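So the chains spell out like this:
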Amino acid sequence: MDDAGVPSPGRWLKQTLEGQKMSRAGLARLIGRSREEVQRWTSERENVPRHHLAEAAVQLGAEEDLRYVLLLKDCEDVNVKLLGQVREFARRTGCSADGVGEAIVRLARGGTTDAGHGAIEQANTYLRRLTDAQFVFRTLTEAATKGDVSQLLSNDNVHRHLRHPVNHFLGLGLDLAVQLPAADVGILPEFRDGVLGHLRRLAESRPTVGPEELTRHHAVHMLGRHGATEDRALVQEVVESARRSADPLGIRLGYMGLIMRARDPEIVEQYLSLLARDRLLARADINFDAVHYGDIVLRQHNSLPVTIDKHDRLAASIMDRLEQPDVYGFMAELDSLRLSAILEHSNGQAFRCPGATMRMLRICGSLDPPAHGSHRQHLEKRLFSLADDVGIDVPFRQNGSKPMTTAGIDKFDVFIGYNSHDRSEVLHIVDQLQHRGVRTWVDVRDLPPGRPFQDEIERILASCRSVALFVGADGSGPWERMEIKAAVSQYVKRGLPIIPVMLDGTGPDPRLPIFLSEFRMVRFSPAVDVLHSIDELVWGITGVKHQAPASR
C-alpha cells in the first residue's frame, strides 16, 4: 500500500509513534498489549487488528486520525481479498500471480497522490480503485471457472465498466496473455480468445437503445483497444456503420479504442476532423468522458445523458494527461480541443478558479510552443484571455518560441515561509532547491537589514511565482500565519500557487489552516525518498515535472 502514497496501518502506526517520540512499549501500556505485539505491527510482520488500531488512534491522535486509520484498514482488508482473488485467477488461467498483482498495484496507485490534497481523499481514491480491481478480477475468475464469459461485460454491469478505471483493469486481464513469454503455456491465451469472442459477438449485434446499446459500444471500444490485430477491421467497420446511422457514441468509443491502441497521428486527425464537423459527436465526446471520470454516475439502466453541466473531474484528468507528454503526447491536440469545448460550454466557469487557470497555464509554459492554428494555440489564447478577465497576472505568455514574462515576476521562483523552530531543516531543503536552479526568497538570507518585515513580505509575494509554506511538528508560527494571510491575498488576486510542505513529525493527516488544506501538499518524512520530495516541490514551484531517465 505504501507504493500508492497510502501507508499501511502498521506503517502509519510506526510513523505516528516516531512523530510523537513515543516508544512501542509506551503504546503497549496505553492499549493493554505487549511490546512484542506492537513491534510486529510496526514492522508490518503482522496486520494490526481493527479494534487495536482504533484504540491506538484514539490514544495517539485526534478524531480525524481515527477516521483516517480506519480507512487505511479498509484499504488493507480489500487489498488482502483482492490478492486472494488474483491468486485464484492465476491458478485458473495459468499465469503468474506475482505478475498480475504487480500490474494491478501499478494501475491502482497511478495518480492517487494527485487525486486530492489531503491524505483522506487519497486513501478514498485508492480504496475505490482496489474495489474496482476486485470487482473485475472476481468476474474474470468466475468466467474462467465456469467457462462462461458472458457476464464479464453485460447489460447489468456496463454502467460500472464505463467508469474509470474499471475498463483498464479488464484490459489488463486481456493484455496479460499477450505479454506472456513464448515459453509460458497454460489456458490464459485460450481464455483471452474466449473473452474477445464474446466482445466480437456484442460488437456485431444490432441493439436498439438503452443498456444494450451502451454494452455494444463499450465492447467495440475494448476490441479496438485490446483486441487482436484482425479486430481493427471489425472496429473500423462498426465505426463506419455508426457514421452512416448518425450514432455519435458509437463513433466516439470506436475511434478512441483505435486511437489508444495504435497511437497513430493519422487516426487522431481523422477523429479531430469529424469532431470539427459534427456538433452532436463533439457533445457526445465530452459527455461520455464526464461520465467516465465520475462527474456524473450512471445508474444501472440509465442511458448517457444528453447534457452534462459539470466537468471538474474531466478537466483535471485532461490536465493530468497534458502533464505527461511522453505518455499522452499523441492526444495533446484532441485534449486541447476538449478543454476548449469545456470552456465554451461553461462560459469560462470551468476555469474561473485561479488555481485551475494557473495550473493549465503552467502546463502550457512547460510544453513546446504550439503550432500556428492548432487547437492548443486556440486553447492558450482562450486561457490568457480568461486570465485577463479575472485579473490574474500570468507569469509567462507564449510568443512564438520565446517566453514573455510580466514585470518582476521572474525575480524569485518561490517565497519560503516557515516556523523558526524548523529553520535548520528548511534551509537544508532550500539549499537543494537552489542546487536545482530554483530562485528562492528566505528571510534570513534575503531580507536586507533595516527593512520592515511585513512590507517586504507583501512586496515579494506580489512578484514571486509561488509560495512554499513549511509546517513542522510545532505547526505554523506567528510570523508564518501572517505570511499565510498575505499568500491567500495573492492567490485570490492572481492565482499564486501555494504549496504546503509537511516536515518530519507532522503525522499523516496534519492539522492545517482551512485554506491550506485545499492544496496538494509535499511531504518530507523518513517514509518518503527525499529526492522524490524535492522533485515534487520543484514541480509545484516551476510547473515542470521531473522525468526519470529512461533505463537502458
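Residues numbered from 1 in each chain as written. Predicted model: local features only at pLDDT ≥ 70, side-chain atom pairs only at ≥ 80, totals over all residues. Heavy atoms only, no water.

A. Spotlight on the pattern of salt bridges. Considering all chains together, one arrives at 24 salt bridges under this definition. Its salt-bridge partner being Asp413, residue Arg439 comes within 2.9 Å of it at the nearest N-O pair. Of this pair, Arg439 sits in the loop between helix H21 (423–435) and strand S4 (440–441) while Asp413 is found in the loop between strand S2 (402–404) and strand S3 (414–417), placing the two residues 26 residues apart along the sequence. A salt bridge links Arg436 to Asp535; the shortest N-O distance between them is 2.8 Å. One end of the pair, Arg436, is in the loop between H21 and S4; the other, Asp535, is in helix H25 (residues 530–542), and 99 residues separate them in sequence. Beyond isolated ion pairs, a larger network of salt bridges with shared partners links Arg252, Asp285, Asp289, Arg321, Asp335 and Arg338. (Salt bridge = Lys/Arg side-chain N within 4 Å of Asp/Glu carboxyl O. Helix = DSSP H or I, 4+ residues; strand = E, 2+ residues; numbered from the N terminus.)

B. The arrangement of the packing of helix H14 (residues 265–277) against helix H18 (residues 332–345) in detail. Running from N to C, H14 and H18 cross one another at 20 degrees; their axes reach a closest spacing of 10 Å. Between H14 and H18, the angle is such that the two are roughly parallel. Seen along the crossing, H14 lies across H18 with a hand that is left-handed. Between H14 and H18, the residues in contact are Tyr271, Leu272 and Leu275 and Glu333, Leu334, Leu337 and Arg338, respectively. Residues of the contact of H14 with H18, tallied by class, amount to 5 nonpolar, no polar and 2 charged. (Axes fitted to C-alpha atoms, helices over the stretch in contact; angles between N-to-C directions. Parallel < 35°, antiparallel > 145°, perpendicular 65-115°, else oblique. Left-handed = near helix turned anticlockwise from the far one by under 90°. Contact = heavy atoms within 4.5 Å. Nonpolar A, V, L, I, M, F, W, Y, C, P; charged D, E, K, R; others polar.)

C. Geometry of the pairing of strand S5 (residues 467–471). Of all 5 residues in S5, 5 are buried, a share of seventy percent or more. The two faces of S5 match: Val467, Leu469 and Val471 on one face and Ala468 and Phe470 on the other face are all buried. Pairing geometry for S3 and S5, over 3 bridges, is parallel. Looking at the pairing, Ile416 lines up with Ala468 of S5. In this sheet, strand S6 (residues 498–502) lies alongside S5 in parallel orientation, the contact comprising 5 bridges. Bridging across to S6, Ala468 finds its partner in Ile499. (Buried < 20%, exposed > 50% of the residue type's maximum accessible area, 1.4 Å probe, protein only. Pairing = 2+ DSSP bridges.)

D. How the structure looks around the environment of Ala90. In this fold, Ala90 is placed in helix H5 (residues 63–93). With 11 residues separating them in the primary sequence, Ala90 and Gly101 have C-alpha atoms 9.7 Å apart. Not counting residues up to four positions away in its chain, the partners in contact with Ala90 are Cys95, Ser96 and Ala97.

E. Representation of the sheet that holds S6 in the model. Pairing in this open sheet of 5 strands is parallel, and the strands run S4-S3-S5-S6-S7 from one edge to the other. Edge positions in the open sheet fall to S4 and strand S7 (522–523), since each of these has one partner strand only. Together, S3, S4 and S5 form the strand contacts of helix H23 (residues 453–461), whose direction differs from that of S3 by roughly 145 degrees.

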